[in-house]
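# Structural overview for review
This is what each chain is made of:
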There are 4 protein chains.
Amino acid sequence: MVVVMRAGATPDQIEHVVSMVKDMGLKEQVIVGTERTVVAVIGDDRQKDSSVFEMVEGVERVVPILAPYKMASSEVKKSRTIIPLLAGSDARIGGRKVGVIAGPCSVESREQIKEIAHAVKEAGAIGLRGGAYKPRTSPYAFQGTGENGLKWLAEAREETGLVVVTEVMATEQIPAVSEYADVLQVGARNMQNFNLLMALGNQPKPVLLKRGLSATLEEFLLAAEYLMKNGNTQVILCERGIRTYEEYVRNTLPLASVPELHRLSHLPVVVDPSHGTGKSHLVQDMCRAAVAAGADGWIVEVHNDPARAWTDGAQSITPDQFAEMMKSIKRIAQAIDRDA
Amino acid sequence: MVVVMRAGATPDQIEHVVSMVKDMGLKEQVIVGTERTVVAVIGDDRQKDSSVFEMVEGVERVVPILAPYKMASSEVKKSRTIIPLLAGSDARIGGRKVGVIAGPCSVESREQIKEIAHAVKEAGAIGLRGGAYKPRTSPYAFQGTGENGLKWLAEAREETGLVVVTEVMATEQIPAVSEYADVLQVGARNMQNFNLLMALGNQPKPVLLKRGLSATLEEFLLAAEYLMKNGNTQVILCERGIRTYEEYVRNTLPLASVPELHRLSHLPVVVDPSHGTGKSHLVQDMCRAAVAAGADGWIVEVHNDPARAWTDGAQSITPDQFAEMMKSIKRIAQAIDRDA
Amino acid sequence: MVVVMRAGATPDQIEHVVSMVKDMGLKEQVIVGTERTVVAVIGDDRQKDSSVFEMVEGVERVVPILAPYKMASSEVKKSRTIIPLLAGSDARIGGRKVGVIAGPCSVESREQIKEIAHAVKEAGAIGLRGGAYKPRTSPYAFQGTGENGLKWLAEAREETGLVVVTEVMATEQIPAVSEYADVLQVGARNMQNFNLLMALGNQPKPVLLKRGLSATLEEFLLAAEYLMKNGNTQVILCERGIRTYEEYVRNTLPLASVPELHRLSHLPVVVDPSHGTGKSHLVQDMCRAAVAAGADGWIVEVHNDPARAWTDGAQSITPDQFAEMMKSIKRIAQAIDRDA
Amino acid sequence: MVVVMRAGATPDQIEHVVSMVKDMGLKEQVIVGTERTVVAVIGDDRQKDSSVFEMVEGVERVVPILAPYKMASSEVKKSRTIIPLLAGSDARIGGRKVGVIAGPCSVESREQIKEIAHAVKEAGAIGLRGGAYKPRTSPYAFQGTGENGLKWLAEAREETGLVVVTEVMATEQIPAVSEYADVLQVGARNMQNFNLLMALGNQPKPVLLKRGLSATLEEFLLAAEYLMKNGNTQVILCERGIRTYEEYVRNTLPLASVPELHRLSHLPVVVDPSHGTGKSHLVQDMCRAAVAAGADGWIVEVHNDPARAWTDGAQSITPDQFAEMMKSIKRIAQAIDRDA
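No experiment lies behind these values; they were computed from the predicted model shown. (Residues numbered from 1 in each chain as written. Chains lettered and ligands numbered in written order. Predicted model: local features only at pLDDT ≥ 70, side-chain atom pairs only at ≥ 80, totals over all residues. Heavy atoms only, no water.)

Scanning the entire structure with this criterion turns up 12 aromatic pairs over all chains. On the basis of an interplanar angle of 90° and a centroid distance of 5.0 Å, the ring pair of A:Phe142 and A:Trp310 is categorised as edge-to-face. Placement of the pair is A:Phe142 in the loop between β8 (127-129) and α3 (146-160) and A:Trp310 in the loop between β14 (297-301) and α10 (319-335), with a sequence separation of 168 residues. Ring centres 6.2 Å apart and planes at 70° place the aromatic pair C:Trp298 and C:Phe322 in the edge-to-face group. Residue C:Trp298 is found in strand β14 (residues 297-301), and its partner C:Phe322 is found in helix α10 (residues 319-335); the two are separated by 24 residues along the sequence. For the pair formed by C:Trp298 and C:Phe322, the shared burial category is buried. Here the guanidinium or amino end of A:Lys70 rests over the ring plane of B:Tyr140, the centre of that ring lying 5.7 Å away. (Phe/Tyr/Trp six-rings, centres within 6.5 Å; stacked < 30°, edge-to-face > 60°. Helix = DSSP H or I, 4+ residues; strand = E, 2+ residues; numbered from the N terminus. Buried < 20%, exposed > 50% of the residue type's maximum accessible area, 1.4 Å probe, protein only. Lys NZ or Arg CZ within 6 Å of the ring centre and 35° of its normal.)

Okay, structure coming up:
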């Protein structure tokens, strides 16, 4: 880190900072500028609380230099991570092929999930999404079909070979979800539910980690770091849009995060244009854009009857729209030397 | 809700919307404008997924009319709620007196918490804050003193009479935190941890619910509704700042939320200017402003040695600064016919 | 518009609203719900100040129904607008071909602009960008080469046939800029400089209108409406990123605005990934994504020596990078049945 | 500035940065950390484009150290600036007394402005606001009464002694506005209309500069610097709210900017809670909070008949509400040892 002193900071104040640096077991280098002095701190300060310097008289502010995450960083692991999703299957996220995960917002019935599963499989999906436990903003809203939903997802996998991706909302749900699902999803609202992250770090299945509603990329990668530090390095990052002042979308989808996350981290990145826009008429163009931006995959809500969907109808597309879109997606992937 | 049709929507499309409304068990009224038709939906549509209408051909958008929360709403309960914090004590939040809760970010040691507790008690605080379980952005950061911290807090209460307010991060921590604390705090990152909210709704102690980092007031009140619907109506709303593009603060503190929450809800509202700014040099002015804005209380980080605090040093003020500030706070409270 | 009454609004209050509606020369329809009454206003209320209703006792809020812009709206003109950029040239924005405008942030010298012009022409650009008058955040920063810069741009056009696109910052600059340039650009900071917009509405050359730093799409289209209402319908909308809390980019580039603007308006939409990210290492992926999202063109900063650029070096790419990127852009355009 | 190299940057890359620093006429100091090297740049780099370093291979990012504004900075002028508003009057902004400016959004008629002027004068205002030239989002909205409005404002000054504050939207309006008004206001949408700022820097009357809709404090102070560098040091900063995701307000009012601007700059700071909330029911509490936060004044919209106001009715308060509020304002000012 670099500690920037105020103009006119006294030698005593600078000395105080220097002594604090030494107390932390780190080294310092003092740079006397024409207007300000800065104290550069040398050594691994990731586990130090840099903000304490801001309490010292004469200190203007503190600038961190080192990214606080390690295991998720591309500096630590240079090669890009490829995550196999299911033993005995070639489904994976990362690598040349753009992986597509599709399915309804909520698992509503055995028939519904199977019908959609067959349709998206045929069009080229590798994974089936569908919520059994649903985080809902209102306590009066439908809360999911629970363990029944999980069983129906597993049945759909048996019939189609699709990998099952579903959300786990709480530590106590992990055993049930792990029994039926292949990839465990952490929702945006739980991205900083640290107890849940630690528990998921202690189990072996891949985790699809959604970016929080207003998370920075550093916070996002630190959430991945919670999983990795606890033992689970099979982490898929999912950009799902952020909260901004924009009104025509449910969330603003910032696709530049895709190449930036690829620069900062070795983990694969998928995009969720359904939540990333919240409007079905914008989903298809954003799926195309996500692929062109270099995403390793995307996850999209597909419903056989959106106007009767129990949840998120407004952002779901139909199986026909999905199949049609997959055609152009394949051509875009080829245009940037990938497959879909 | 009101369903706005596109210009040029056909009679069939309008009829489709009308039939969906009837299928929901609600009534409709069709208003034919000069340029557009809108379908007004009559009846309690709070538990309906209004977004499904957006999937119907010819529909432009859907405008909700009824607020989705009930128990938290000032329409349901007209009188303002006053929350007693501890049996046998007159400490409460709500009512004429502005309640002040102060203490360190983290409980670091028995000595630290007792020293601070005595200092803030003397200056006029009614509650003692201090984290034993700490939600930390980085897995490498200090994670709290846990149950020891809880015990030290309880000891400080015995000596000072201050009410103990501390965070509970996960369902499994509720028994331990309930044993020692008087008010259970839900952190901003957990505002939409619905499983935690439901569990806290099932226990009797008051809950201090922090606004999420980018929560709307509607989402905030729906989080309170989760607590209330599950049986716990002792909810204190806490504005702690929101994430914006501003750079000189850790969060932007939008004090207009105080009178607006008072308008929408009967629940008391406190303000946290420590997290709401993240900078100790801004905390005192924002405490004063919060009182002038009508807050029922505030919660502030006070540390006996901020430059050596284990966490959040940069936003802590000293006991002397706290005592000094309390003097002007009392005068401001009187200026708006309240006490502090 | 729809006027939503508070729960418990009195008949007198509702009557007051109704009489205000009639005073405006409009008609009303009162919908009595189970919990609230709403008053629907029938007729063209675009020029009425709807907010006055919010001052009436018993009114909760007002919901606009009609978009306030007309000439820019796709409801008024169904066919997509194609804008020829230069008489006697086939350069245009809109239509099947994706138009590419490239060049340095600032025109620095005759040699610089000509060298870059030849390079981008060869790689497939149709337009040359370059600022002669520069809006700079700091008064101490380089303010542009002014009329000299304009002349050099015109010389580059003579040699290459590229259309010249450059910014006009003030009404008094319009004559000079019009003399040399083919497309007049309104910068993001001037999107709501209404006097400038009205003046540009009174001259015949096409205007490239940049979205303001935190403009809504409605404000953006109303800025276009200022140009169109004053007589100039040759408006190109340019998405250049918005201000959010994100830190790894100069601006967040919300590509969903492209299909949404296409839905709301008949005007063509181009994207500026240079300002939309502010980082050269993100520009190329975002150019690709913009095309896949359906943009009618893009505008990008290209500099022959970015590390020595007088302005915006950090977001400029080199001519070689530009040429390389154009190859994949052409393939992506074909993948969605367009040309580039 | 500090140039942070990537992990693994080569000696050649570091040397390249060093040579660029020297080419700029500045000095460097290289700090070799355990994981990264940083190059500290010594000297006044305010007029250098620091972003060019980001184009150099091996550079991670650049961190500015010096604030780019000078004349507006509290480092250059330690004593707080007090701005007399009118020769021969004791009206001023800055100093112990909190100055109140009140009046309608728009000057609608001679009678209207005089009636309001007398009312606010009686309640304690020192200035009269009112727009004659109105920046309107829609070209179809009322655009102001123009020079007539200016004359009526001047007449109201003659009768009441109130200082006249009104907006100037364009360079060509400066002569007329200067003739009638005492303080020239730059609206939020024009905060970075640099040509207008330069022109206003060349005239002698005080300028009330509104913060842009999404301006950082640095951009805000640089806009002030444009005025000051061109000769006009009589600048009043006005916080009027920023654009965020919040929906219950027209803008989010971040009152922590008041003490922060006081820390960064010697210029006085006033607050506009009318635009800062957009809702009349929030205005009064925010006026009180602004005073408690340390504002040197506030500016508020008062209308004798808000429900019939031509503009901004929803955020206007009545003369009676204004007079009532002034009573508590005076008590709050006294509570922090100021007057109102």
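Glancing now at the relation of the copies chain C and chain D. For the match of chain C to chain D, the screw axis carries a shift of 0.0 Å, the RMSD comes to 0.0 Å, and the turn is 180°. Taken together, the rotation and translation relating the two chain copies correspond to the operation of a two-fold axis. Judged by C-alpha distance, C:Ser214 is the residue of chain C that lies nearest the rotation axis, at 3.2 Å. Mapped onto chain D, 100% of the interface residues of chain C are again interface residues, and the two copies thus contact each other with one and the same surface. (Least-squares fit on C-alpha atoms with pLDDT ≥ 70 in both. Contact = heavy atoms within 4.5 Å.)

Right, let's talk about the domain arrangement of chain A for a bit. For chain A, the assigned domains are domain 1 (2-63) and domain 2 (83-335). Computed from C-alpha coordinates alone, the two centres of domain 1 of chain A and domain 2 of chain A are separated by 44 Å. (Domains from an automatic or database assignment.)

What follows covers the sheet that holds strand β8 (residues 127-129) of chain C. Residue and element names in this part refer to chain C. Spatially, eight strands are ordered β7-β8-β9-β10-β11-β12-β13-β14 in a closed barrel, and the strand pairing comes out parallel. Geometrically, the sheet is characterised by an average inter-axis angle of 25° between neighbouring strands, direction not taken into account. Two elements, strand β10 (residues 183-186) and strand β11 (residues 207-210), share three bridges in a ladder whose sense is parallel. Bridge pairing links Gln185 to Leu208 in β11. The strands touched by helix α3 (residues 146-160) within the sheet are β8 and β9 (163-167), with β9 carrying the most contacts at an inclination of about 160°. Taken strand by strand, α10 contacts β7 (99-103) and β14, and its axis lies near 165° from that of β14. (Pairing = 2+ DSSP bridges. Axes fitted to C-alpha atoms, helices over the stretch in contact; angles between N-to-C directions.)

What follows covers the sheet that holds strand β3 (residues 37-42) of chain C. Residues and elements named next belong to chain C. Ordered in space as β2-β3-β1-β4, the four strands form an open sheet in which the pairing is antiparallel. Because the sheet does not close on itself, it has two edges, and the strands there are β2 (27-32) and β4 (59-63). Shown here is a sheet whose adjacent strand axes are inclined to one another by a mean of 20°, direction ignored. Contacts from helix α1 (residues 11-23) reach β1 (2-5), β2, β3 and β4, with the element oriented near 155° to β2.

Of the transformation superimposing chain A on chain B, the axial component is 0.0 Å and the angular component is 180°, with the fit at an RMSD of 0.0 Å. In this assembly, 100% of the residues forming the interface of chain A have copies in chain B that are likewise at the interface, indicating an isologous arrangement.

Turning to the pattern of salt bridges, a few remarks are in order. Opposite charge on two side chains allows them to pair when their charged atoms are near. All names here are of chain D. In the structure shown here, the tally under the stated rule is 104 salt bridges over all chains. The shortest N-O distance in the salt bridge between Asp44 and Lys70 comes to 3.4 Å. Pair noted here: Asp44 is in the loop between β3 (37-42) and β4 (59-63) and Lys70 is in the loop between β4 and β5 (83-84), with a separation of 26 residues, a long-range link. Using a relative accessible area of 31% as the deciding quantity, one classes Asp44 as partly exposed. Lys114 is the salt-bridge partner of Glu155, the closest N and O atoms lying 3.2 Å from each other. You can see Glu155 sitting in helix α3 (residues 146-160) and its partner Lys114 sitting in helix α2 (residues 110-123), a full 41 residues away along the chain. (Salt bridge = Lys/Arg side-chain N within 4 Å of Asp/Glu carboxyl O.)

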